[in-house]
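Working through the structure, step by step
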Amino acid sequence: MLRSSMRVLAILAAVLFATTALAAESIPLDSDGLPAWSVKEWTDVPVRLEVADHAALAEMLARVPIADFSREQIRPEFASGKIVRLVVETRVTDAEHAALAEFGYRPMALRDVVRENREASERLWAAMYAGKADGVRTDPLNYVPTNDQTRDMLQGIAGSYPKIARYFTWGQSVQGRTVHGLVISD
C-alpha cells in the first residue's frame, strides 16, 4: 500500500513538474532574449475592512501587520457631515485573512479586477505571439503591452510623424530589457 502511494505521488510530481516546465517553455522570448512576460502568481486577494477610527485602525495593524497596506487605501465614510467609520480596501494573504478573522475583524472579499485584467492580458499576449490576435492593442485601462509591443508602438508613432517625433532607447532596465522612449518636439 505504501509503495503504491509513493508511486502515485511520484507520478503526480512528474506531471506537475512537466506542466510547469511546459508553461514556462510556451512563453516566447522578446528581442532582448528574455521571456516576453511572466505568469503572475497570486498570493493575496482584495478585501474591504471597516474600523471605527484611526485608533481602531492602528490597533488592527498592530495585531495583524498587513504587508500590502498603505495609507492611500484608507477612505473615511461620512453620515450627517461626520466621519462614521474608516474603510480600508487592501490585499491580504490567506494567513493575514485568517489572523484578521481570529481577532474578530470581518474582511469582506472584493472582486479582483487587477487579477482579472492581468490574466486577460496574459491570454492576449499568448494569442498575439501565437499569431491568433491581430494588431497591437493599446487600451491603457486594462492592458499593458509587452516590451516589444511598446517598442513597435513608439517606432510606429515616430514613423508616422517624423517631423515631430523621434524614437530612442534609454538603455537597459534592471531586468536587462531595453528601455524605449519617444521625443515629441517641433
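Core analysis: the largest hydrophobic core is formed by 14 residues, its most contacted members being Leu-49, Val-51, Leu-57, Met-60, Ile-66 and Leu-100. When contributions to this core are tallied by element, the ones reaching two or more residues are strand 1 (44–51), helix 2 (54–63) and strand 3 (82–93). At 4 residues, the largest contribution of residues to this core is made by helix 2. Those residues in contact with Val-51 that sit more than four places away from it in its chain are Ala-56, Leu-57, Met-60, Arg-85 and Leu-86.

The next subject is the side chain of Asn-147. In this fold, Asn-147 is placed in helix 5 (residues 147–160). Beyond its immediate stretch of four places on either side in the chain, Asn-147 contacts Asp-30, Asp-32, Arg-177, Thr-178 and His-180.

This next bit is on the pattern of salt bridges. Across all of its chains, the model carries 17 salt bridges by this definition. Measuring nitrogen to oxygen at the nearest pair gives 3.0 Å for the salt bridge that ties Arg-91 to Asp-44. In this pair, Arg-91 is assigned in strand 3 and Asp-44 in strand 1, connecting sequence segments 47 residues apart. Look at Arg-91 and you get buried, because its relative accessible area is 14%. Across the pair Glu-77 and Arg-75 runs a salt bridge whose closest N-O atoms are separated by 3.7 Å.

Positive phi values are uncommon outside glycine, yet Ser-80 reaches one of about 55°. Summarising the element assignment, Ser-80 is placed in the loop between strand 2 (74–79) and strand 3.

To summarise the sheet geometry, strands pair through backbone hydrogen bonds and adopt either a parallel or an antiparallel arrangement. With respect to topology, 4 strands assemble into an open sheet ordered 2-3-1-4, the strand pairing being antiparallel. Strands at the two margins of the open sheet, each flanked by one partner only, are strand 2 and strand 4 (108–109). Inspection of the sheet shows strand 1 paired to strand 3 by 8 bridges, in the antiparallel sense. Considered in strand 3, the bridge of Leu-49 is made with Val-88. Contacts between helix 2 and the sheet are confined to strand 1, strand 2 and strand 3, with strand 1 contributing the most and set at about 140° to the helix.

Looking at the chain, pLDDT values average 84 and 81% of them are 70 or higher. At the level of individual helices and strands, the chain shows its lowest average pLDDT in helix 1 (residues 2–25), which scores 43, and its highest in helix 3 (residues 94–102), which scores 97. Confidence drops under pLDDT 50 across residues 4–24; counting only partners more than four residues distant or on other chains, this segment forms 0 contacts.

The next thing to look at is the pairing of strand 2. Of the pairings in the sheet, the one linking strand 2 to strand 3 comprises 6 bridges and is antiparallel in character. When the bridges of strand 3 are listed, Arg-75 appears paired with Val-87.

This part takes up the environment of Pro-145. Mapping Pro-145 onto the fold places it in the loop between helix 4 (113–129) and helix 5. For the pair Pro-145 and Leu-124, spaced 21 residues apart in sequence, the C-alpha to C-alpha distance is 9.8 Å. Here Pro-145 is in contact with Trp-125, Thr-150 and Met-153, once residues within four sequence places are set aside.

So, about the packing of aromatic side chains. For any pair of aromatic rings, geometry is given as the distance between the ring centres together with the angle between the planes. Under the definition given, this model contains 2 aromatic pairs. Between the aromatic rings of Trp-37 and Trp-125, the centroid separation amounts to 5.8 Å while the plane-to-plane angle is 40°, which identifies the pairing as tilted. Within this pair, whereas Trp-37 is found in the loop between helix 1 and strand 1, its partner Trp-125 is found in helix 4, the two being separated by 88 residues in sequence. Both residues of the pair, Trp-37 and Trp-125, belong to the buried class. Consider the rings of Phe-168 and Trp-170, whose centres lie 5.8 Å apart with planes at 50°: the pair is tilted. On the basis of relative accessible area, Trp-170 is assigned to the exposed category, the value being 63%. We note Lys-40 situated over the ring of Trp-42; from NZ or CZ to the ring centre the distance is 5.0 Å.

Calculation rules
- Residues numbered from 1 in each chain as written.
- Predicted model: local features only at pLDDT ≥ 70, side-chain atom pairs only at ≥ 80, totals over all residues.
- Heavy atoms only, no water.
- Core = buried A, V, L, I, M, F, W, Y, C linked by side-chain atoms within 4.5 Å.
- Buried < 20%, exposed > 50% of the residue type's maximum accessible area, 1.4 Å probe, protein only.
- Helix = DSSP H or I, 4+ residues; strand = E, 2+ residues; numbered from the N terminus.
- Contact = heavy atoms within 4.5 Å.
- Salt bridge = Lys/Arg side-chain N within 4 Å of Asp/Glu carboxyl O.
- Pairing = 2+ DSSP bridges.
- Axes fitted to C-alpha atoms, helices over the stretch in contact; angles between N-to-C directions.
- pLDDT = per-residue confidence, 0-100.
- Phe/Tyr/Trp six-rings, centres within 6.5 Å; stacked < 30°, edge-to-face > 60°.
- Lys NZ or Arg CZ within 6 Å of the ring centre and 35° of its normal.

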